[in-house]
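A structural walkthrough
Residue strings, one per chain:
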Amino acid sequence: KKLFVVYISDDGLESKRLENVTWIDPTVREALSKYCILLHVVKGSSEAQSFSEIYPMQSVPCITAVGYNGIKLWQREGFVTADVLASSFEKAWLSLHFQETTAAFLSAALASGNQFGGETSTHSSLSGQLILEEQSSMNDHAQSAHSQTIDDDNNFEEPYKVVPNSGFVSYL
């Protein structure tokens, strides 16, 4: 399963630089083929307008990664180097798959509690509650850490965001 990445460009210098330097880099091309489905739209098109109504942007070029249930994972406006972009794709993809694994484990734990009666059900319910509490604690910690991980030089946030209450997920 892959990330949905939307690249909105125009005929400006930064868009041309992204297309002539970043997007053609072998590292980015490999990361795209492994982790992403890329949609390239041009600023001013109806597709770009519709997308920016859902995922607002301030400037072009703009690269947006979308995850489960249409949740924006990260967005980068302006030029970005090939190494940073390829790394961002990989980190966001890993984050999505971590969420998927957690959701599958949690679903299995909760389902096993519904299949049996008596003590097993109580034990499974308690296990499910502990998993939920642990996941909530991890999400709270990751969110506070995420809010402090902005690289001031590039104004680039980490390429992922822990989404609270995302126990049950689906792909676009």
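The coordinates are above.
Residues numbered from 1 in each chain as written. Predicted model: local features only at pLDDT ≥ 70, side-chain atom pairs only at ≥ 80, totals over all residues. Heavy atoms only, no water.

Here Cys62 is to be found in strand β3 (residues 62-66). Here Cys62 is in contact with Val6, Tyr7, Ile8, Met57, Gln75, Arg76 and Glu77, once residues within four sequence places are set aside. (Helix = DSSP H or I, 4+ residues; strand = E, 2+ residues; numbered from the N terminus. Contact = heavy atoms within 4.5 Å.)

Now for the packing of aromatic side chains. Applying the stated criterion to the full structure yields 5 aromatic pairs. Taking the centre distance of 5.0 Å and the plane angle of 50° together, the rings of Tyr35 and Trp93 count as tilted. Within this pair, whereas Tyr35 is found in helix α2 (residues 26-35), its partner Trp93 is found in helix α4 (residues 82-115), the two being separated by 58 residues in sequence. Of the residues examined, Tyr35 reaches a relative accessible area of 10% and is grouped as buried. (Phe/Tyr/Trp six-rings, centres within 6.5 Å; stacked < 30°, edge-to-face > 60°. Buried < 20%, exposed > 50% of the residue type's maximum accessible area, 1.4 Å probe, protein only.)

Topologically, Thr102 is positioned in helix α4. Here Thr102 falls in the buried class, since its relative accessible area comes to 19%. A distance of 2.9 Å separates a polar atom in the side chain of Thr102 from the backbone oxygen of Phe98. (Polar contact = N/O pair within 3.5 Å; in protein donor to acceptor, adjacent residues only side chain to side chain.)

Attention now goes to α2. Those residues of α2 that fall on the buried side of the exposure criterion are Val28, Ala31, Leu32 and Tyr35. One side of α2 carries all its buried residues, which in axial view fall inside an arc of 100°. Structural note: α2 exposes Pro26 and Arg29 on the side pointing more than 90 degrees away from its buried face. The backbone nitrogen of Thr27 has a side-chain oxygen 2.8 Å away, supplied by the residue at the start of α2, namely Asp25. (Arc of directions from axis to C-beta.)

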